[in-house]
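# Observations on the three-dimensional arrangement
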Amino acid sequence: MCGIIGILYRDKSVAKDLVTGLKLLEYRGYDSAGIATLSNGSILIEKDKGRIDELNVKLGFESMPGCVGIAHTRWATHGAPDKINAHPHTDCENRIAVVHNGIIDNYNEIKSELVRKGHIFKSLTDTEVVPHLIEEYIKNGYSFRDAVIEAVSRLEGAYALGIISTYEPGMIVGVKQLSPLVVGVSDEGMFIASDINSLSPFTKDVIVLDDGEVVFLTGDSYEIVRLPTRERVVKKVERIEIDTQFADKEGYVHYMLKEIFEQPVVLNYSIRVQEHYLNLMAELLDRSKEVFIIGAGTSYHAALLGSIILSRVARLTTIPVIASEFVSRYGDVVSVDSSVLAISQSGETIDVLKAIEFAKSRAATILGITNTLASTLTRVCRVYIHQHSLPEIGVAATKTFTGQLAVLYRLAMVTGKKRGKLSQREMDEMKVEIAKIPGVVKTVLDRVDQQVRALAKKYKDTRYFVFLGRGLSYPIALEGRLKMLEITYIPSLAYPAGESKHGPISLIEKGVPVVFVAPPDETRKLIIGNIEEMRARNATIITLGDEGDNELRELSDDFIPMPRVYPLFSPIPYVVPLQLFAYYTAVLLGRDPDKPRNLAKSVTVL
Ligand code: AGP
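Just so we're clear, the structure is a prediction, and the values are computed from it rather than from any experiment.

Rules used throughout
- Note that residues are indexed from 1 along each chain, following the sequence as it is written.
- Given that the model is predicted, a residue must reach a pLDDT of at least 70 before its local features are reported, and side-chain atom pairs must reach 80 or more before they are shown or counted; all residues, however, enter totals for whole chains, interfaces and linings.
- Hydrogens and water are ignored here; the side-chain numbers use all heavy atoms of the structure.
- Throughout, near means a residue has at least one heavy atom within 4 Å of the molecule or strand.
- Working definition of accessibility: Shrake-Rupley area with a 1.4 Å probe, residue cover restricted to the visible protein chains.
- Counting from the N terminus, the helices are the DSSP runs of H or I reaching at least four residues and the strands are the DSSP runs of E reaching at least two.
- Side-chain classes follow a simple rule in which Ala, Val, Leu, Ile, Met, Phe, Trp, Tyr, Cys and Pro form the nonpolar group, Asp, Glu, Lys and Arg form the charged group, and the remainder, Gly included, forms the polar group.
- Type-normalised accessible area, obtained with a 1.4 Å probe on protein chains alone, sets the label of each residue: buried when under 20%, exposed when over 50%, and partly exposed for intermediate values.
- DSSP-based pairing: two strands are paired if at least 2 bridges between them are found.
- Buried Ala, Val, Leu, Ile, Met, Phe, Trp, Tyr and Cys residues that are joined via side-chain atoms within 4.5 Å together make up what is termed a nonpolar core.
- Two rings from Phe, Tyr or Trp (for Trp, the six-membered ring) form a pair when their centres sit within 6.5 Å of each other. Planes less than 30 degrees apart are called stacked, planes more than 60 degrees apart edge-to-face, and all others tilted.
- The rule for a charge over a ring is simple: NZ of Lys or CZ of Arg within 6 Å of the ring centre, and within 35 degrees of the ring normal.
- Throughout this description, the term salt bridge denotes a Lys or Arg side-chain nitrogen within 4 Å of a carboxyl oxygen of Asp or Glu.

### Examining the site of the ligand
Taken together, 14 residues are adjacent to the ligand, and Ser 299, Ser 344, Ser 346, Thr 349 and Glu 486 come closest. Protein chains shield 91% of the accessible area of the ligand, which is 410 Å² for the free molecule. Sorting the residues of the shell around the ligand by element identifies α9 (297–314) and α15 (474–488) as the ones contributing at least two each. For the shell around the ligand, the residue count by class is five nonpolar, seven polar and two charged.

What follows is the structure, given as structure tokens:
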């Protein structure tokens, strides 16, 4: 989403080091940037749309005076990427400056309250409520420190904050809630940043903050308070040896692996997309005579899953279509009564844009789910949802796929409620269960990483793979196949498991690895039958199944034990081992998983 950094030196200007740190955070977002420093009792701010190097020349970032400062590089989520929405943001009197990474769920409600109290807002961002809320508490007699505590206690959502103020000119405040934030300490001063790598040029001594913690940094000390109890906590300083050459990969060899492991964090953002936009989209879907869900590649797999999910949860019939096939298949029926939900992480895939251009010419309603604000897709949609997966650099889609699914689940829940197909109890249960998914994905990553690495070693020389699944797991089989073939170049097939006897089974012979996606849902019994069919032809069986499913384990040559998960949401954790399988196989084969041959991250040519 964004990168934030704050530096407080005892007797040295911070501007140059803020720029150095920002550059190391640029992989997190780069559509605008800004710096605020404290000098002679005032807050100085320089910010604009554009890349850091360009703004450094244009705005003179490095020459800003002051020994205390905060900086921000933005991946826009609320409000277009322009000067007014760039961070830092301030209060009415320009005495408090804030940088933010994450999403404040309840910003609308807080903003309305503050506007009624006379606060003047300049931007469209959720972030801007923070300095004004702190200002409001100060106006009501709170000290700056207590005003921060009170204000932050009201925020809901995922956020990491950096705050400076003329009320406490020798202080920087850091706040951590779901979005990452670390503290750095050195002989020269104190630091906060979104990741350890961005501090590596200045210090190796860091404190990793936990959710709900607020840190008050001064020239030679720090104090950490934990909300909601407000108890002071003591945390140990760790010495972290970081090789900055992997800075933007956060120590991972490839972006793809970093992005696979980033899923537990960014899924917290995707499951928190603004209810307001989900409601708008649900309203339009509900009114449509027919709904097409289109995408390309991995995004088509999300579209396919989205169609199943909307059918199950909202009883809404939708038609999933590969974007490049849309016009030839449905060009004659799409009309003003149609809605087209386009899924595209880049928002620039030409097949998608051509399909919606045609649909728009037929007066259809265009909706979108994307990871790139200000992309072409967002400009042609009536309503779009930003999935907040952070920039994805690896060509193979991983975290943006699970982010798309998270948004589709939320959309199906809101649509189901609106259509009266979901009771409040069912809705509440699903909200509880979907909130667990980032943690389930974390468990999967912790548990299967080594096993999958060994599987890659065992199967890397196979001639081809077959991936099979049923129901919700069929699109996951398709996605596991696509990951494998696009980065290892090993021919791979994927079919609905029930389809195998209608042809594909002719490919099965001794030793052919068949990967079954087999969560404990309504398809399990039939999957068992499919496994038996393959075993009878001496295939090698690799199965992803529930950790307690001993029958499946017995039937498999390799069994990947998956943690218990709410069946409807199984696609998100069950795709993760397949992402890792493809990645480790590619690396063992000497491929570059970040830049597979013949592929581009965004296909903008027909
Ligand atoms: C998936 O790993 C590939 N990178 C590719 O299939 C991709 O999903 C497809 O090109 C669609 O991209 P989009 O989501 O940006 O539209």
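On we go from here.
### Some thoughts on the pairing of strand β9 (residues 182–185)
The alternating pattern of β9 places Val 182 and Gly 184 on one face and Val 183 and Val 185 on the opposite face, and all of these are buried. The antiparallel pairing of β9 with strand β10 (residues 189–193) creates a hairpin that spans three residues between the two strands. Two strands pair when backbone bridges link them, and β9 and strand β11 (residues 205–208) are joined in this way by three bridges, in the antiparallel orientation. Looking at the pairing, Gly 184 lines up with Val 206 of β11.

### Re the nonpolar core
With 85 residues, the main nonpolar core has Leu 405, Phe 569, Leu 580 and Phe 581 as its most contacted residues. Here this core takes 13 residues from helix α14 (residues 424–459), the largest share from any one element. Counting residues in each nonpolar core, the second largest holds 30 residues, with Val 98, Ile 134, Val 152 and Val 175 among its members.

### Focus: the packing of aromatic side chains
Centre distance and the angle of the planes are the two values used to describe a pair of aromatic rings. One pass over the full model with this rule turns up 11 aromatic pairs. On the basis of an interplanar angle of 5 degrees and a centroid distance of 5.6 Å, the ring pair of Phe 191 and Phe 202 is categorised as stacked. Taken together, the positions of Phe 191 in strand β10 and Phe 202 in the loop between β10 and β11 put the pair 11 residues apart, joining distant regions of the chain. On the accessibility criterion, Phe 191 (0% relative accessible area) is buried. Phe 202 gets classed as buried once you look at its relative accessible area, which sits at 16%. Three or more aromatic residues joined by ring pairs form one cluster here, namely Tyr 9, Phe 191 and Phe 202. Sitting over the ring of Tyr 167, Arg 95 keeps its end group 3.7 Å from the ring centre. In this structure, Arg 145 is placed above the aromatic ring of Phe 216, and the distance from its NZ or CZ to the ring centre is 4.6 Å.

### Quick look at the pattern of salt bridges
Summed over all chains, the structure comprises 40 salt bridges. Lys 399 is paired through a salt bridge with Glu 262; the nearest N and O atoms lie 2.6 Å apart. You can see Lys 399 sitting in helix α13 (residues 399–418) and its partner Glu 262 sitting in the loop between α6 (255–261) and α7 (263–270), a full 137 residues away along the chain. For the pair formed by Lys 399 and Glu 262, the shared burial category is buried. Residues Glu 290 and Lys 289 are paired through a salt bridge, measuring 3.3 Å at the closest nitrogen-oxygen approach.

### Some thoughts on the sheet that holds strand β5 (residues 89–90)
Hydrogen bonding along the main chain pairs the strands of a sheet, whether they run parallel or antiparallel. Taken together, seven strands build an open sheet; the order of strands is β5-β6-β7-β8-β12-β13-β14 and the sheet is antiparallel. In this open sheet, the two strands that pair with only one neighbour each are β5 and β14 (231–233). One ladder, built from two bridges, connects β5 with strand β6 (residues 96–104); its direction is antiparallel. For Thr 90, the partnering residue across the bridge sits in β6 and is Ala 97.

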